[in-house]
Structure formats: structure tokens, C-alpha cells
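# A closer look at the structure
The residues making up each chain are set out below.
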Amino acid sequence: MSAAPAPEPREPKPALVFDDPLDQQSSDDTDRGWGERPDGGGAADLKRFLDEKPPHHL
């Protein structure tokens, strides 16, 4: 008789979470990522203004 190989340890299965998903804040609930730019002072504001100015406002 041959001995059966020892079973390898398995990773635990992910647990089911029954929390209310509406109680958690999503990334859409924050202002992060809505077009803000790093602060750079007056010169950066002027560059942004000139970059975003529509062509008919020349």
C-alpha cells in the first residue's frame, strides 16, 4: 500500500459580505479627479486659461 500524498493547504474562500453598498462612499462621491490641476500660481492659471479658451474667443 502506498501512502496518499498529504493534501496541500488551500487558500480560504472569499467571504460573502452582506453590507449595504450604499453606506460606503464611492470615488464618484468625492471631488477627486474632476478636473482639478495641481496648484501652480498665477502663471499656471493663465496657461490653463489660454489652453482651455475656445478658438472663437481669440
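Above this text is the structure in question.
What you see is a predicted model; the values in this text were computed from it and never measured.

### Let's talk about the overall build of the chain
- Summing up its helical and strand segments, the chain has 1 helix and 0 strands in all.
- Approximately 6,500 Å² of the chain is accessible, and the part contributed by carbon and sulfur atoms is 56%.

### Some words on the pattern of salt bridges
- This structure, assessed with the given rule, holds 2 salt bridges.
- Two residues, R48 and E52, come together in a salt bridge whose shortest N-O distance is 3.4 Å. Within this pair, R48 and its partner E52 are both found in helix α1 (residues 42-52), separated by 4 residues, close to a single helical turn.
- Take E52: its relative accessible area is 46%, and that puts it in the partly exposed class.

### Some remarks on a nonpolar patch on the surface
- Taken together, L46, F49 and L50 make up a surface patch of nonpolar side chains, about 310 Å² in accessible area.
- Topologically, F49 is positioned in helix α1.

Rules behind the numbers
Residues numbered from 1 in each chain as written. Predicted model: local features only at pLDDT ≥ 70, side-chain atom pairs only at ≥ 80, totals over all residues. Heavy atoms only, no water. Helix = DSSP H or I, 4+ residues; strand = E, 2+ residues; numbered from the N terminus. Areas by Shrake-Rupley, 256 points an atom, 1.4 Å probe, with all protein chains shown as cover. Salt bridge = Lys/Arg side-chain N within 4 Å of Asp/Glu carboxyl O. Buried < 20%, exposed > 50% of the residue type's maximum accessible area, 1.4 Å probe, protein only. Patch = residues over 30% accessible without salt bridge, like charges linked within 9 Å, V, L, I, M, F, W, Y side chains within 5 Å.

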